[in-house]
Amino acid sequence: MAGLELLSDQGYRLDGRKATELRKVQARMGVFAQADGSAYLEQGNTKALAVVYGPHEMRGSRSRTLHDRAVINCQYSMATFSTAERKRRPHGDRKSTEMSLHLKQTFEAAVMTQLYPRSQIDIYVKILQSDGGNYSVCVNAATLAVIDAGIPMRDYVCACTVGFVDETPLADLCYAEESGGVSSLALALLPRGGQIALLQMDARLHQDHLETLIEAAMTACKGVSKVLDEVVRQHLQEVSVLARD
Amino acid sequence: MATVQVSEAEKVYILHGIRDDLRVDGRGCEDYRHMEIETDMVSNTDGSAKVTLGHTAVLVGIKAEIRKPKPMVPNEGYLEFFVDCSANATPEFEGRGGEELGTELSNTLYKVFNNKHSMDLKSLCISAGEHCWVLYVDVLLLQCDGNLYDAMSIAIKAALFNTKIPRVHISADDEGGKEIELSDDPYDCMRLNVENVPCIVTLCKVGHRHVVDATLQEKACSVASLIISVTHKGTVTCMRKVGGGSLDPESIFEMTEAGKRVGKALHAPLMKLLQQEESLGKTRRKVGFLG
């Protein structure tokens, strides 16, 4: 049975974590000098690179300009060597387009777009290595990149993918767990106000379990937000030391 | 390539500087920018390398798969190249914007690397006519500040050096067919001989002189460029002129000589560095983008 393998009797998962434990998060801001904002984030074995350009004038179709706020344009793509099976096209397939739309929706909720009317903000995320939780890692990396670009946001956007196995919610799924037939839920949260920016689940789950799962996801996201906050403060310290000298 | 606007006054400044062998960042005409190379960064691949040359950043991942060999050469494996100009480098590459440049770059890479003089393709053969190793070399362009060919070729050479192909045992099947078994031991692998793999040197003609490793500003002032791939012995394996301007035959000879000199000098330090990195073994601290 899939449930037995994914969560042992002692409460350990496939990679030795407990049910509510997140993978190790390591991040760095300001990775590329040419972009307006950039960040690299690793969550376990999933690695993502996010780059932000903007706010700048609308490129391409001027007709899509909004008179009262900025347009957020996202692109999600995966490196061809990121998955175990080589991926032939980095982006342009349905999955990537869907992810790009989700990212756009997530960041429209957080970025203060009213401050930049008639302009465009580009967020490009690239997955270098994929080991589950792709959407969450992208959102976390993109948050850091937007902060690095100096674009004001209402709050950090933290995301986490949770699954439900054996009456227990598992936080931060890896690829083996995601493909093991677990009902997974992806949640993007603005931690301070507890506002949900994006909620997505496409598996069967009993209604009674939904609330527990969302609670677990929100706790996991708050954990991620602490790590991201630490990274941003560390980066600012480093940068201000250099500026002072 | 990502373009940068350069004013007339800036062009004159750059031209005069190069005429006196002093470029904008203080380099001589044949000096490279600060280069950083790191291998084995992506664990999903069989070999990978990241090269940062000034502000240009390139990541190469190599995956080895077993396929049928090409009918013309049944006892050789082959390489497949794919260059992904990602939107990270510049917003112009979003969607299908980077495809044109990517195709041009990968076609050049095919000519330079996928031949028996650069790589021992016979070592990639498993059983003649039936199975061979195909190396899928995927190049990811992360940041673009000129001199893509050089950075890509160094990254490809480093990634090929780092590639570990699992050993294969062929046994006879029940029905008389061949069965392929991959070795279970992760350390039992075959390494590639990258002695003859060439490095590409791009020379840009600016004014009356040529420069190696041009930045985007210098490229904007140049008339045309010459791409030369040079092996460690100094042999030129491929040469191409790119760019809209025209070059004098004498300039081409001069640039070829300079390219050979610079290219030959690249190989020895590169191999030394790669072997040094390899010898650190488990004690090596992987930095990647976190450093």
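Position labels on residues start from 1 in each chain and follow its written sequence. Chains carry letters from A onward and ligands carry numbers from 1 onward, assigned in written order. Only residues with pLDDT of at least 70 are given local features in this predicted model, and only at 80 or more are side-chain atom pairs given and counted; all residues enter the totals for whole chains, interfaces and linings. Each side-chain value is worked out from all heavy atoms of the structure, with water and hydrogens disregarded.

**Some details on the overall build of chain B**
- What counts as a helix is a DSSP run of H or I of at least four residues, what counts as a strand is a run of E of at least two, and both are numbered from the N terminus. Within chain B one finds five helices and 14 strands.
- Computed over its C-alpha atoms, the radius of gyration of chain B comes to 21 Å, within 12% of the 19 Å expected for a compact globule of 291 residues.
- Across its three principal directions, the C-alpha atoms of chain B cover 75 × 40 × 40 Å.
- Here's how the labels work: a residue is buried when its accessible area is under 20% of the maximum for its type, exposed when over 50%, partly exposed in between, all with a 1.4 Å probe on protein chains only. A buried classification covers 52% of the 291 residues belonging to chain B. Values of the radius of gyration come from C-alpha atoms, whereas the globule rule sets the reference at 2.2 Å times the count of residues to the power 0.38.

**Remarks on the packing of helix H2 (residues 94-110) of chain A against helix H3 (residues 134-148) of chain A**
Residues and elements named next belong to chain A.
- Contact geometry for H2 and H3: axes closest at 11 Å, N-to-C directions at 45°. One finds that H2 runs oblique with respect to H3. The two elements H2 and H3 cross, and the hand of that crossing is right-handed. Side by side, H2 and H3 meet where Met99, His102, Leu103, Thr106 and Phe107 of the first sit next to Asn134, Tyr135, Cys138, Val139, Ala142, Thr143 and Val146 of the second.
- Under this grouping Gly is polar, as are all residues other than the nonpolar Ala, Val, Leu, Ile, Met, Phe, Trp, Tyr, Cys and Pro and the charged Asp, Glu, Lys and Arg. For the contact of H2 with H3, the residue count by class is eight nonpolar, four polar and no charged. Angles here are taken between N-to-C directions and fall from 0 to 180 degrees, while the axes themselves are lines fitted to C-alpha atoms, restricted in helices to the stretch in contact. Between 65 and 115 degrees an angle is taken as roughly perpendicular, under 35 as roughly parallel, over 145 as roughly antiparallel, and anywhere else as oblique. Helix crossings get a hand from a simple test, with the near helix turned counterclockwise from the far one by less than a right angle marking a left-handed crossing and a clockwise turn marking a right-handed one. Contacts: residue pairs with any heavy atoms within 4.5 Å of one another.

**Digging into the confidence of the model for chain B**
- Predictor confidence is given residue by residue as pLDDT, running from a minimum of 0 to a maximum of 100. With 98% of its residues at a pLDDT of 70 or more, chain B has an overall mean of 89.
- Interface confidence for the predicted complex, given as ipTM, is 0.89, next to a pTM of 0.92.

**Quick notes on the environment of Gly207(B)**
- Mapped onto the secondary structure, Gly207(B) falls in the loop between strand S11 (199-206) and strand S12 (209-212).
- Sequence separation between Gly207(B) and Val12(B) is 195 residues; the distance between their C-alpha atoms is 9.7 Å.

**Re the UniProt feature "domain: Exoribonuclease phosphorolytic" (unreviewed entry) in chain B**
Residue and element names in this part refer to chain B.
- Here, the residues flagged by UniProt with the feature "domain: Exoribonuclease phosphorolytic" (unreviewed entry) are residues 32-166 and 196-261.
- What you have in residues 32-166 is 22% helix and 38% strand, and the ends, taken at the C-alpha atoms, are 36 Å apart.
- A helix fraction of 29% and a strand fraction of 39% characterise residues 196-261, whose end C-alpha atoms lie 16 Å from each other. UniProt positions are given in the numbering used here, feature names are shortened, and annotations may be inferred rather than shown by experiment.

**Considerations on helix H5 (residues 249-280) of chain B**
- Taking 1.5 Å as the rise per residue, H5(B) with 32 residues should run 46 Å; its terminal C-alpha atoms sit 47 Å apart, in good agreement.
- Just past H5(B), the residue Gly281(B) takes up positive phi, approximately 60°. Expected helix span is computed as 1.5 Å times (number of residues minus one).

**Let's talk about the UniProt feature "domain: Exoribonuclease phosphorolytic" (unreviewed entry) in chain A**
Residue and element names in this part refer to chain A.
- UniProt's feature table lists "domain: Exoribonuclease phosphorolytic" (unreviewed entry) at residues 21-152 and 155-219, given in the numbering used throughout.
- With 24% helix and 33% strand, the stretch residues 21-152 has end C-alpha atoms that lie 30 Å from each other.
- End C-alpha to end C-alpha, residues 155-219 measures 16 Å, and it is 26% helix and 42% strand.

**With respect to the interface of chain A and chain B**
- Across the boundary between the two partners, chain A contributes 33 residues, which contact 32 residues of chain B.
- Between chain A and chain B the total buried area reaches about 2900 Å² when both faces are included, carbon and sulfur atoms providing 56% of it.
- The salt bridge criterion pairs a side-chain nitrogen of Lys or Arg with a carboxyl oxygen of Asp or Glu, the two atoms within 4 Å. Counting every contact that joins chain A to chain B gives three salt bridges.
- As a salt-bridge pair, Asp84(B) and Lys126(A) come within 2.7 Å of each other at their nearest N and O atoms.
- As used in this structure description, the phrase polar contact means that two N or O atoms lie within 3.5 Å; if the pair is within protein, one of them must be able to donate a hydrogen and the other to accept it, and residues adjacent in sequence are counted only when both atoms belong to side chains. If you look at where chain A meets chain B, you find 18 residue pairs in polar contact (both at pLDDT 80 or more).
- At the level of secondary structure, the elements contributing two or more residues to the side of chain A that touches chain B comprise strand S1 (25-29), strand S2 (37-43), strand S3 (46-57), strand S4 (71-78) and strand S5 (119-129) of chain A.
- With five residues, the single largest contributor to the side of chain A that touches chain B is S5(A).
- The class makeup of the residues in the side of chain A that touches chain B is 14 nonpolar, ten polar and nine charged. Defined here as a combined quantity, buried area equals the accessible surface (1.4 Å probe) lost by two parts on assembly, summed across both.

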